[in-house]
Amino acid sequence: MANYKVTAKELSNLMRLTFDNTTGEDVVAEVLPVYAKKLGGVEGILKALAVDKHKGINQNDFVDRKNLFGENKVEQDPQEPLWKLMWEALQDPTLIFLTCAALISLAIGVLVEQKPLGWLEGVAILFAVAVVVTVGAVNDYQKEKQFRDLNAKKDDVTVTVLRDGESSRMSTHDLVVGDIVLLSTGDVVPADGAVLGRNDLAINEKMLTGETVMKKKSSEYVMSSGSVDSSPILFQGTFVQEGEGRLVVLAVGANTYQGSMEEKMKEAEPGRSILQKKLDAMTDLITTVSMYVSIALVVILLLRMAYAFYSQKCCFEAWDHKLHWSEMLGFMITGITIFVVAVPEGLPLAVTIALAFSVKKMLKDQNLVRHLSACETMGGATTICSDKTGTLTTSRMTVVKIWIAGQAHNSAAEVLKAVPKVKTQLAEASVINTLFKTFLKIEKGITAYCGNDTECALLLLADELGDGYNAIRKRRPDDEAGRRCISFSSDRKRMSTVVPAPDGSSIVYTKGAAEIVADLCVEMVNADGTSVPIDAAMRRTVEGAISDFADAGLRTLCLARRAVSAKDGANLSPVELETGLTLVCLVGIEDPLRKEVPQAIKDCQRAGIVVRMVTGDNLQTARAIARKCGIVTPDDPPGAVMDGKTFRDLVQDENGELKQDAIDRIWPQLRVLARSTPLDKHLLVSGIQASMITGVAQTVAVTGDGTNDAPALKKADVGFSMGIQGTDVAKNASDVIIMDDNFVSIVCAVKWGRCVYDNICKFLQFQLTVNITACALACVGAAILTESPLNAIQMLWVNLIMDSFASLALATEDP
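Read on for a plain summary of the structure. For clarity, every value in this text was computed on a predicted model and none was experimentally measured. (Residues numbered from 1 in each chain as written. Predicted model: local features only at pLDDT ≥ 70, side-chain atom pairs only at ≥ 80, totals over all residues. Heavy atoms only, no water.)

Comments concerning the overall build of the chain
Scanning the chain from terminus to terminus reveals 30 helices and 30 strands. Put simply, of all contacts in the chain between residues at least 6 apart along the chain, 71% involve residues at least 24 apart. (Helix = DSSP H or I, 4+ residues; strand = E, 2+ residues; numbered from the N terminus. Contact = heavy atoms within 4.5 Å.)

See the structure below:
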């Protein structure tokens, strides 16, 4: 077996360390000492793994690498068989109580009384238990099988791998540590690893971090001004949005960051819901009271018998063992009958039917409930930890602010109305200086983005202005003679495109970071379409507009142009071309808030539910969105908004364990957790659930769409996954699937949860009223007549048939 100089654990820890530390300061302090100094960067890791970066691994080493570093799959636990699900359902205290009562009734009826139909009462109760257990278990089994079938389809895809100097297509399951994978636009990264050599990869890590910003990749860390411009590490499950490159696999299966998330998800054991706990408490109370009442009744009957013997008012005959022991046994049977009569046998069935009925109706409100108990648990929610992207926002970068000709506008329609003469210049500046591999397409009536999200937002702006981006691209094709593209540079913070003008000259279109490109502009487009110089006062106005956009959490770009000669357009350096520009406009781009979200959050707050936003976006963007939707207000304390690194450092000890006292000081005022990792989300949920500083246990709901959200979804009292953008892993970990990815649907789930809880309380009151009345009648009758006027089979009929279906009239009311 080959001897490698690095272990699977070291590589897995590197992946986790890299993911958890993304800021420039953290990379320098935490990542580089391990990645660059200890492991020697990509070159050092290749050497330690005995990998030739030009040829890949040797095929003969495949088995050794698989044994040492693992295989590229996370083994799922086998699906629980139906009988085991039925056994778990039978652990419900109410059903245990009913089963015991049935067995006692069966034993007395068959062995003691020996009546022709003495077995009927016990068998009837057992039948009721069997119906409830079967319905619940079969329902859970079918849903679990459906989701496993769904997950099985996504896992096994093929990738291009370099081995022994030759590239070939193979299953992702056959990848091992050291393999070199060839990536291109549209690929899903099949394992954790590092980039090799020169590349132009841009990775969408939304499924891991929640951020929609593309991450540039390079073979080493590239940093400037204390921030990370590009990094070498790629994570399994992320998406290649642009470019091509090579990846050396460093972690597979359970050792990848995504694999560790799935393992974490398995640790969370589902607890009993609020309703189940209250029904358990009620069952314990009924059991205790029934036992004492039954014992008291038997004692009363025995005292009556003793008094009758003593007073000689009846039973003048002498003690007859056969007769009087039988009579005393009859008293015991009467007591047991009262014990059985007190139990509402139809309650579990009525609750199951009511929940199933509500689940069916909730689907119309875009809530697909996977676990029946989740619909009532949601009614008791005190905290909702919501994702930002796609739940509170539309998950589509959009131009929401346009500063042009000295005025700011909120939409393309406002621009057309205020300054119609500049629309063509604005549309051309938006479209011409974009990559042709960025485009829009219509899927199921919805405009979908392909390529760079920021450029897609500019293309959509051109469409809204009326000058369709496709028409502009047809006039200005990619292979147009005289066209020159100057790619985006992290040093220059801008990109430019030179195209020929009708008069034989050339036009330079530039876009980039607003403060940098605006500083290069000496003129600006006026409302009549002409250019006017930018004086000192206008310069201050432009800088003020950029500052306002930034304060609003917008990604701000400046679009500019310049006319040059054809010769200059072809020969001048980028620095020479990108001077003396004319400012066309400033655009503010963001993933906009869904229109209905602010009102939905107000509804939650009025209902006593605190909405907390947990996102991977930066602090400024997260705070701006939280303000817009009403999650934070100007009056909130400084601790209302916190970044994930600070939170993690405060609530974890040196062993990674949760410090409850620390989180109890943080969570009551925390409203936004930015730059958060999946671990942060899991820590927050765990801490709130375990906290008792308010005097009552908190019920926590969590939303998520990515694989990274799965542990928190499973840990939460109710987990909501997204039906459109959610991964299968997230859906599998959740209790409820939001079919339209909309926060408003979560509010609907709260309404339904409270309605279901109220309805169950109503029919519970109805059933218990009947039971208490019947129990009192049976007790008084037995005490006076020495025999209960109601037997167990009669009460079973009332509880199971009459009451259960009558209760549904109360249980099916809409919210």
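Brief notes about the sheet that holds strand 26 (residues 641-643)
Spatial ordering of the open sheet is given by 12-30-29-28-13-25-27-26, a layout of eight strands whose pairing is mixed. At either end of the open sheet lies a strand with only one pairing partner, and these are strand 12 (367-369) and strand 26. Averaged over neighbouring strand pairs, the angle between their axes works out to 20° when direction is ignored. Pairing of strand 26 with strand 27 (residues 672-674), which is carried by three bridges, proceeds in the parallel orientation. (Pairing = 2+ DSSP bridges. Axes fitted to C-alpha atoms, helices over the stretch in contact; angles between N-to-C directions.)

Concerning the pattern of salt bridges
Inspection of every chain in the model, using the stated rule, returns 14 salt bridges. Salt-bridge contacts for D179 lead to R163; the nearest nitrogen and oxygen are separated by 2.7 Å. Remark: R163 occurs in strand 1 (residues 158-163) and D179 occurs in the loop between strand 2 (166-171) and strand 3 (180-183); sequence separation between them is 16 residues. Taken as a pair, D179 and R163 share a single burial class, namely buried. Where E578 meets R494, a salt bridge forms, and the shortest distance between an N and an O atom there is 2.6 Å. You can see E578 sitting in the loop between helix 21 (574-577) and strand 24 (581-590) and its partner R494 sitting in strand 19 (residues 494-500), a full 84 residues away along the chain. The two residues E578 and R494 agree in class, both being buried. (Salt bridge = Lys/Arg side-chain N within 4 Å of Asp/Glu carboxyl O. Buried < 20%, exposed > 50% of the residue type's maximum accessible area, 1.4 Å probe, protein only.)

With respect to the side chain of R494
Classification of R494 by relative accessible area gives buried; the value is 10%. Within the structure, the side chain of R494 is placed 2.7 Å from the backbone oxygen of R492, a separation counted as a polar contact. A polar atom in the side chain of R494 sits 2.6 Å from the side chain of E578. Beyond its immediate stretch of four places on either side in the chain, R494 contacts S487, F488, S489, T510, K511, G512, I516, V517, L520 and E578. (Polar contact = N/O pair within 3.5 Å; in protein donor to acceptor, adjacent residues only side chain to side chain.)

Overview of the side chain of D741
In this structure, D741 sits in the loop between strand 30 (736-738) and helix 29 (743-785). With sequence-adjacent residues up to four places away left out, D741 is seen in contact with G390, T391, R594, M722, G723, I724 and Q725.

Observations concerning the packing of aromatic side chains
Under the definition given, this model contains five aromatic pairs. Ring geometry for F19 against F235: centres 5.3 Å apart, planes inclined by 90°, an arrangement best described as edge-to-face. Remark: F235 occurs in the loop between strand 9 (233-234) and strand 10 (239-242) and F19 occurs in helix 1 (residues 8-20); sequence separation between them is 216 residues. Given the relative accessible area of 4%, F235 is considered buried. Ring geometry for Y35 versus Y221: centroids 6.0 Å apart, planes at 85°, classification edge-to-face. You can see Y35 sitting in helix 2 (residues 24-38) and its partner Y221 sitting in the loop between strand 6 (214-216) and strand 7 (222-224), a full 186 residues away along the chain. (Phe/Tyr/Trp six-rings, centres within 6.5 Å; stacked < 30°, edge-to-face > 60°.)

What about the pairing of strand 13 (residues 383-386)?
On strand 13, burial covers both faces: T383 and C385 on one face and I384 and S386 on the other are all buried. Pairing of strand 13 with strand 25 (residues 610-614), which is carried by four bridges, proceeds in the parallel orientation. From the neighbouring strand, T383 faces strand 25, where its bridge partner is V610.

Observations regarding the nonpolar core
Core analysis: the largest hydrophobic core is formed by 54 residues, its most contacted members being M378, I384, I631, F720 and F743. In terms of residue count, helix 29 provides more of this core than any other element does, 10 residues in total. Sequence-distant contacts of I631, that is, excluding residues within four places in its chain, are made with L392, I601, Q605, V611, M613, A626, D636, R671 and V672. (Core = buried A, V, L, I, M, F, W, Y, C linked by side-chain atoms within 4.5 Å.)

What about the sheet that holds strand 6?
Taken together, the three strands give an open sheet; going across it, the order is 6-5-10, and neighbouring strands pair in antiparallel fashion. Edge positions in the sheet fall to strand 6 and strand 10, since each of these pairs with one other strand and no more. Averaged over all adjacent pairs, the angle separating strand axes in this sheet is 40°, with direction ignored. The sheet contact formed by strand 5 (residues 202-204) and strand 10 spans three bridges and is antiparallel. Bridging across to strand 10, A202 finds its partner in E242.

What about the packing of helix 15 (residues 423-431) against helix 16 (residues 453-465)?
Following both chains from N to C, one finds helix 15 and helix 16 inclined at 155°, their axes separated by 8 Å at the closest point. In terms of orientation, helix 15 lies roughly antiparallel with respect to helix 16. Crossing angle aside, the handedness with which helix 15 passes helix 16 is left-handed. Residues K423, L426, A427, S430 and V431 of helix 15 lie in contact with helix 16, whose contacting residues are L458, L459, L461, A462 and L465. Here the residues of the contact of helix 15 with helix 16 are counted per class, giving eight nonpolar, one polar and one charged. (Parallel < 35°, antiparallel > 145°, perpendicular 65-115°, else oblique. Left-handed = near helix turned anticlockwise from the far one by under 90°. Nonpolar A, V, L, I, M, F, W, Y, C, P; charged D, E, K, R; others polar.)

Re unusual backbone geometry
Even without a glycine there, the phi angle at K493 is positive, about 60°. Within the secondary structure layout, K493 lies in the loop between strand 18 (484-489) and strand 19. Taking the relative accessible area as the measure of exposure, K493 reaches 28% and is therefore partly exposed. Located in the positive-phi region is D741, a residue other than glycine, with phi close to 55°. Take D741: its relative accessible area is 2%, and that puts it in the buried class.

Some remarks on the environment of M170
Along the chain, M170 falls in strand 2. It is 5.1 Å that separates the C-alpha atoms of M170 and T158, two residues lying 12 residues apart in sequence.

Quick look at the packing of helix 1 against helix 2
The packing of two helices is summarised by the inter-axis angle and the distance between the axes. The contact between helix 1 and helix 2 brings their axes to 9 Å, and the two run at 145°. Helix 2 is crossed by helix 1, and the crossing has left-handed handedness. For the pair helix 1 and helix 2, contact is made by E10, L14, L17 and T18 and by E30, V31, V34, Y35 and K38, respectively. Across the contact of helix 1 with helix 2, the residue classes break down as five nonpolar, one polar and three charged.

Examining a nonpolar patch on the surface
On the surface, V110, L111, W119, L120 and V123 cluster together to form a nonpolar patch covering roughly 430 Å² of accessible area. Of all elements in the fold, only helix 6 (93-113) and helix 7 (120-155) reach the threshold of two or more residues within the nonpolar patch. Along the chain, V123 falls in helix 7. Residue classification places V123 among the partly exposed residues on the basis of a relative accessible area of 36%. (Patch = residues over 30% accessible without salt bridge, like charges linked within 9 Å, V, L, I, M, F, W, Y side chains within 5 Å. Areas by Shrake-Rupley, 256 points an atom, 1.4 Å probe, with all protein chains shown as cover.)

Quick notes on helix 24 (residues 644-651)
Given 3.6 residues per turn, any residue in an α-helix points the same way as the ones three and four places further on. Those residues of helix 24 that sit buried are G644, F647, R648 and V651. In an axial view of helix 24, the angular spread of the buried residues amounts to 95°, which keeps them on one side of the axis. On the buried face of helix 24, the contacting elements are helix 1, strand 26, helix 25 (660-666), strand 27 and helix 26 (678-690). (Arc of directions from axis to C-beta.)

Focus: the environment of M378
With respect to the helices and strands, the residue M378 is situated in the loop between helix 13 (374-377) and strand 13. Leave out the neighbours within four places in its chain, and M378 touches I384, A701, V718, F720, I746, A749, V750 and G753.

Focus: the environment of C558
As for its placement among the helices and strands, C558 is situated in strand 23 (residues 555-564). Given the relative accessible area of 0%, C558 is considered buried. The spacing of C558 and G588 is 30 residues in sequence and 9.0 Å in space, taken between C-alpha atoms. Setting aside residues up to four positions removed in sequence, C558 forms contacts with T510, K511, G512, A514, V517, A518, L583, C585 and L586.

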